[in-house]
Amino acid sequence: MSLDRHILKTSLPSAHAASASLTRSKPVTTRGGGAPPNAGMSQQEKGSLSNRPGTDPRHMAIALHHARQIQAQKDAEALILDRILDLVQFPASSSADPSSPSPEDARAFKSALIPFQPADYDNLILERNIEGLCGYTLCPHEHRKEDSRGAFRITWGSKGSGPGGRGREMNIVPREKLEMWCSDACAERAMFIRVQLAEQPVWERRAGDTRGTHILLLEEERARSQQQGKGKGKKRSTTTVNEVAGQLGDLHVHEGQSPSDVFDHMANLSVRDDARSQELALERGDVHPALYTGRVDINVQENSHTAGPVTAPQMRPGDEKGGSIEGYVPRDH
Amino acid sequence: MDEDYSSGSVDADREMTRLWRTWRTVFEMLLDRGYEVTEEEVQIPLAVFKTKYSDPLGYPDRNKMKVSARPTEAMQMKYTPLPSKSNPTPQPDCGTIYVEFCPDSTGVGTKQVRAFNHFVDENNFHTGVFITQTPISPSAVRLLSGVPGRICEHFQEQDLLVNITRHELVPKHVLLSPDEKGRLLERYRLKESQLPRIQVSDPVARYLGLRRGQVVKIIRKSETAGRYASYRWVI
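Since the model is a prediction, treat every value here as computed from it, not as a measurement.

Asker: What exactly am I supposed to notice about the overall build of chain A here?
Answerer: When helices and strands are counted, chain A shows 13 helices and two strands. Out of the 333 residues in chain A, the part that is buried amounts to 16%. When contacts within chain A are restricted to residue pairs at least 6 apart in sequence, those whose partners lie at least 24 apart make up 59%.

Asker: Got a minute to help me understand helix H5 (residues 110–122) of chain B in this structure?
Answerer: Because an α-helix completes one turn every 3.6 residues, residues spaced three or four positions apart along the sequence face the same direction. When the terminal C-alpha atoms of H5(B) are compared, their 18 Å separation across 13 residues agrees well with the 18 Å that a helix rising 1.5 Å per residue should span. Every buried residue of H5(B) is listed here: B:Thr110, B:Val113, B:Phe116 and B:Val120. All buried residues of H5(B) project into a common sector of 125° when viewed along the axis, lining one side. In H5(B), the exposed residues that point more than 90 degrees away from the buried face are B:Ala115, B:His118 and B:Glu122. Where H5(B) is buried, its residues contact helix H5 (57–88) and helix H7 (118–130) of chain A together with strand S2 (97–101), strand S3 (127–132), helix H6 (138–145) and strand S4 (151–156) of chain B.

Asker: What is the right way to look at the interface of chain A and chain B in this model?
Answerer: As a measure of interface size, the accessible area lost when the parts come together is often cited. Contact with chain A, which involves ten residues of that partner, is made by ten residues of chain B. Listing elements by their share of the side of chain A that touches chain B, those giving two or more residues are H5 and H7 of chain A. Sorting elements by how many residues they give to the side of chain A that touches chain B places H5(A) first, with five residues. Here the side of chain A that touches chain B is composed, by residue class, of six nonpolar, one polar and three charged.

Asker: Help me understand the sheet that holds strand S6 (residues 197–198) of chain B in this model?
Answerer: Strands in a sheet are paired, the pairing made by backbone hydrogen bonds, and the direction either parallel or antiparallel. Residue and element names in this part refer to chain B. The four strands are arranged S5-S7-S8-S6 in an open sheet whose pairing can be described as mixed. Strands with a single pairing partner mark the edges of an open sheet, and in this sheet they are strand S5 (172–175) and S6. Looking at chain direction, strand S7 (residues 215–222) and strand S8 (residues 226–234) are connected through eight bridges and run antiparallel. Within the sheet, the bridge partner assigned to serine 222 lies in S8 and is glycine 226.

Definitions and limits used
Residues numbered from 1 in each chain as written. Chains lettered and ligands numbered in written order. Predicted model: local features only at pLDDT ≥ 70, side-chain atom pairs only at ≥ 80, totals over all residues. Helix = DSSP H or I, 4+ residues; strand = E, 2+ residues; numbered from the N terminus. Buried ≥ 20, exposed ≤ 12 C-beta atoms within 10 Å, placed from the backbone. Contact = placed C-beta atoms within 7 Å. Expected span 1.5 Å × (residues − 1). Arc of directions from axis to C-beta. Nonpolar A, V, L, I, M, F, W, Y, C, P; charged D, E, K, R; others polar. Pairing = 2+ DSSP bridges.

Here's what the structure looks like:
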C-alpha cells in the first residue's frame, strides 16, 4: 500500500496505469470482500472516492491523463505567448542588419521558434507590426506605410520576369500584406522561416520529431545550397564508373551467412514479441499503457448455434387458403 | 447649432456622439451587473458628456474616460458562495470594477494590454474592462485573459454602441445566487450538468460578466403562458 502510494506520487501516467492494471487483475476478490477496488489510490483520492461504490481506478487514471494533457497544452500556450512577447523586442541593437544578423540573435530567434506553429508565427508578425516594426524578427527597421487609401497595390517585378521572359511580372497585392514588411527581401526571409515551422502543435509532437527544430535562416540556406552545389559538381566530375561499381560491390549481402541464420533472424522479427511491441507502441506515441486495451473493455460474445439442421416448411391444414396471420385465421365470407 | 461646421468638426461630432452612446451602455452594463452607479451617471446627456470628455478640438479624449465602481450589497450577496465545511465564512467573489477606454485608434497589441493588466493589478481592482476601437490581436486576448486572480474583459466600442439587452427580442437574464441555484437544483432534482447551457462568450453572458458554473434564469414572454422561465448553466 505504502509502495503504491509512493509510486502514485510520481504523477507519471505509466505509474497510474500500473496501479490500474494491478487492481484490474483481481476485481473478483476485491468485490467479494466488499472493499472498493481502489487499493492503488493515494490517501486523498481514496478519501473522496472510497464512499462511492463501483469506482474504477482506471477511470481515475484516464481522467488524470486527460487533465495532464490539457495542462500541458495550457503551459505550451503560455510559453509561446512569452516567446512572442520576447521576440517582439528583437533584434537587440537597432542598427542590426537583417541580411547578416548577429549570431546570438539568430540563435535565440531559432531556439525560441521551436514550439511555434505557423499561426503563432503569424501572431508574432502581427504583434511586431502593431509595434511599428518589420514583420521579420531579425530586422530592426520600421514596416512600410502606404499613404494612399486603396486596398490593393500593383507591384512590378524586375525586367524580363514576365510571362515568356518578356515584360515585367505584375502582382496585385493586398495593402496589409505589403505593409507587413520593410522590404521584399525581409518578406522572403520571414516566409522562409514560416514554411519550416511544424504544423503540429507542440503538445502533440513526439520526442524524436525533428520537424521545426532545425530552422535555417534564408541566408544560411543559400550559403549551404551554394556550397553543396559546388561540392556536388566537384564530386560528380571526380567519381568514375569504377568507383561506383566498387561501392555497389560493397553493398552485396555478406556471403558468410547460412540459410539457418537467416531463419533465426526472421524468427526474431516475429510480431508477438512483447518487449518489441511495447517499443513500437512507444515509437507510435501510444505512451499510456492503460489505454492499450482501449477506453472500454470489449468482450465479444458469440451466440451459440442452437438450431439443428434447417428443414423446408411443410404444408399444414388450412395453408391452401393463405394460412394464419400470426395465429389469426381469416374467415371466408 | 451652428450651420457652418467644417468637415473636421462634423467628424468630431459624430465620433463624440458614438462614444457617448458607448459610454451610456457601459454605465447601463455596470448597473445591470449590480455596481454602484448613480442615476445621473447613467442618464448623462450628450451636452454634458461633450463638455466633460472632449479635447479642445472637439474630439473625444479617451484618456479621461476611466471609471471605477464598487459592487452593491445585493451583488455581493449574489457572488458569495455557500458556506462549506472547509470555508465556513465565504467572502464575496466580486470587487471594484475598472473600465478603461484605449486611446489608440489602430493596432492594439500586447503593449497596451500589458499596461492595462499592470494598472489593474497595481490598484488591486477585482475586474477590469478594456474597451478598444479596433479588434485586439490574438496574443493580446490571451494575455488579457491570463491574469491570475483577476478578471479582465475586452469589448470593442462598436459592440457597446447599442445596449443589446434592451432589444425587444432579447429576454431578461437574471443571475441566480448560489443559494437560489441550490434550491433550483433541489426542486427539480437535477445535477447542474443536466441544465441547458449558455456559453461564456454569449453576447448577453459577456454583457453580464457571467462566469463558468453560474446559472442564469431567462424570463421570456410567452403567448400561451404569459411568462416562461428557463435556466441556463454557464460553461
